[in-house]
Amino acid sequence: MSTAPPTCVHDDSFERMKPIDIQTDRLRIRQFHEQDIEDCLRFRAQVFNMQEPRQRAASWLRWTIDSYRELAQLGQPPYADYVVEARSNGHFIGSVGIVPTVIPWGALGGDPADNLLNPEVGLFWGIMPRYRRRGFASEAGMALLDYLFRDLHIARVVATTEQDNIASQRTMERLGMTLRRNPLSEPPWCQVVGVIKQPRRD
């Protein structure tokens, strides 16, 4: 058995796994800090309808912060959620994330009868209600996609949503994703799959 830690394919993976801090015209995408607890509570309540005790949100926040360090030390992709804030005033707008996900094979064009799941790199976004319909999800998502393709050399990125979440599907299309329908009704969060490939490999 090898005793070497798992690393990414490229030899410079440790160098590339630096803290994410991305700026666009209007937004800054950065790591969560412990001081973000109040914004975290509001975000989870308003976007995910999670009415939870402060202790539970604080636990998630600590886990997220710890994951930045642990994954970087292993040279692994920075799977985590990140803050989206306004560059003009630092206001918390929402969150984007890089998530490990599995997609039913049938939703990717395979035989749904195989009942197989395909591991993928997933893109997540969530915008606070008061900041929606301003293009922030598309702007943040595009910045994170650029990071995944240019810096991490990811071959393919996916996003998933429910059949009736038209707003999310429109964001996928603005990101250049091709929408595919899951022939199966389960899982409900994966009824529509957006797929985009590394531009340099098309």
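Here the residue index of a chain counts from 1 through its sequence in written order. With pLDDT at 70 or above as the cut-off, local features in this predicted model cover only qualifying residues; side-chain atom pairs require 80 or more to be listed or tallied, and sums for whole chains, interfaces and linings still use all residues. For the side-chain quantities, the full set of heavy atoms in the structure was used; hydrogens and water were omitted.

Draft legend 1. Expanded view of the environment of R56. Helix numbers and strand numbers start at the N terminus; a helix is a DSSP run of H or I with at least 4 residues, a strand a run of E with at least 2. Among the structural elements, R56 can be located in helix α3 (residues 54-73). Buried residues are those whose accessible area, probed at 1.4 Å on protein chains only, stays under 20% of the maximum for their type, while exposed residues exceed 50% and partly exposed ones sit between those limits. On the basis of relative accessibility, which here comes to 42%, the residue R56 falls in the partly exposed class. Residues R56 and L41, spaced 15 residues apart in sequence, show a C-alpha to C-alpha distance of 9.4 Å.

Draft legend 2. Fine view of helix α5 (residues 166-174). Turning to α5, its buried residues number three or more, namely S168, Q169, T171 and M172. Take α5 and look down its axis: the buried residues cluster within an arc of 155°, on one side only. In α5, the exposed residues that point more than 90 degrees away from the buried face are A167 and R174. Two residues form a contact once any of their heavy atoms are found within 4.5 Å. If you follow the buried residues of α5, they end up packed against β5 (117-127), α4 (136-150), β6 (156-161), β7 (178-181) and β8 (192-197). Where α5 terminates, the next one or two residues include G176, which has phi positive at roughly 90°. Working note: the arc is built from the helix axis to C-beta atom directions.

Draft legend 3. Just the pattern of salt bridges, in detail. The salt bridge definition used is simple: a Lys or Arg side-chain nitrogen within 4 Å of an Asp or Glu carboxyl oxygen. Throughout the structure, instances matching the rule amount to 14 salt bridges. With a shortest N-O distance of 3.5 Å, D66 and R69 are connected by a salt bridge. Note that D66 and R69 are positioned in helix α3 at a spacing of 3 residues, about one turn of the helix. Accessibility expressed as a relative area gives 40% for R69, which makes it partly exposed.

Draft legend 4. Up close: the packing of aromatic side chains. Classification of ring pairs uses Phe, Tyr and Trp, with its six-membered ring standing for Trp, and accepts pairs whose centres are within 6.5 Å; under 30 degrees between planes counts as stacked, over 60 as edge-to-face, and the remaining range as tilted. This model, assessed by the stated rule, comprises 7 aromatic pairs. An angle of 50° between the planes, with centres 6.4 Å apart, marks the rings of F32 and F92 as tilted. Linking F32 in the loop between β2 (27-30) and α2 (37-48) with F92 in strand β4 (residues 92-104), this pair joins segments that are 60 residues apart in sequence. When sorted by exposure, F32 lands in the same class as F92, which is buried. Aromatic pair F43 and F92: ring centres 5.9 Å apart, planes at 75°, arrangement edge-to-face. In this pair, F43 sits in helix α2 while F92 sits in strand β4, placing the two residues 49 residues apart along the sequence. Put simply, the rings of F32, F43, F48, W60, F92 and F124 pair up and form one aromatic cluster.

Draft legend 5. Main features of α3. Between its first and last C-alpha atoms α3 spans 29 Å; for 20 residues at 1.5 Å apiece the expected length is 28 Å, and the two agree. Looking at α3, one finds that the buried residues are A57, A58, W60, L61, T64, S67 and Y68. On its buried face, α3 is in contact with α2 and β3 (80-86). G75 occupies a position one or two residues after α3 and carries a positive phi of about 70°. By this rule the span expected of a helix is its residue count minus one, scaled by 1.5 Å.

Draft legend 6. Focus on the sheet that holds β5. Across the sheet, 8 strands lie side by side as β1-β2-β3-β4-β5-β6-β8-β7; this open sheet has mixed pairing. Bordering the open sheet on either side are β1 (21-23) and β7, each of which pairs with just one other strand. Mean inter-strand twist for the sheet, computed between neighbouring axes without regard to direction, equals 30°. Pairing between β3 and β4: 6 bridges, direction antiparallel. Strands pair, by our definition, only if DSSP identifies at least two bridges between them. For helices, the axis comes from a line fit to the C-alpha atoms of the stretch in contact; other axes are also lines fit to C-alpha atoms, and the angle between any two N-to-C directions lies between 0 and 180 degrees.

Draft legend 7. Summary view of the side chain of S168. Take S168: it is sitting in helix α5. Not counting residues within four places of it along the chain, the set of residues in contact with S168 comprises W125 and T161.

Draft legend 8. Here's a closer look at unusual backbone geometry. Backbone geometry at R133 places phi at a positive 65°, although glycine is not the residue there. Residue H153 is not a glycine yet carries a positive backbone phi of 60°. With respect to the helices and strands, H153 occurs in the loop between α4 and β6.

Draft legend 9. Structural detail: the packing of α2 against α3. Here α2 crosses α3 at 110°, and the two axes come no closer than 10 Å. Judged by the angle between their axes, α2 and α3 are roughly perpendicular. Of the residues in α3, those touching α2 at I37, E38, C40, L41 and R44 are R54, R56, A57, A58, W60 and L61. Gly counts as polar in this scheme, as do all residues outside two lists: the nonpolar Ala, Val, Leu, Ile, Met, Phe, Trp, Tyr, Cys and Pro, and the charged Asp, Glu, Lys and Arg. Partitioned by chemical class, the residues of the contact of α2 with α3 number 7 nonpolar, no polar and 4 charged. By definition in this entry, angles of less than 35 degrees are roughly parallel, angles greater than 145 are roughly antiparallel, angles of 65 to 115 are roughly perpendicular, and the rest are oblique.

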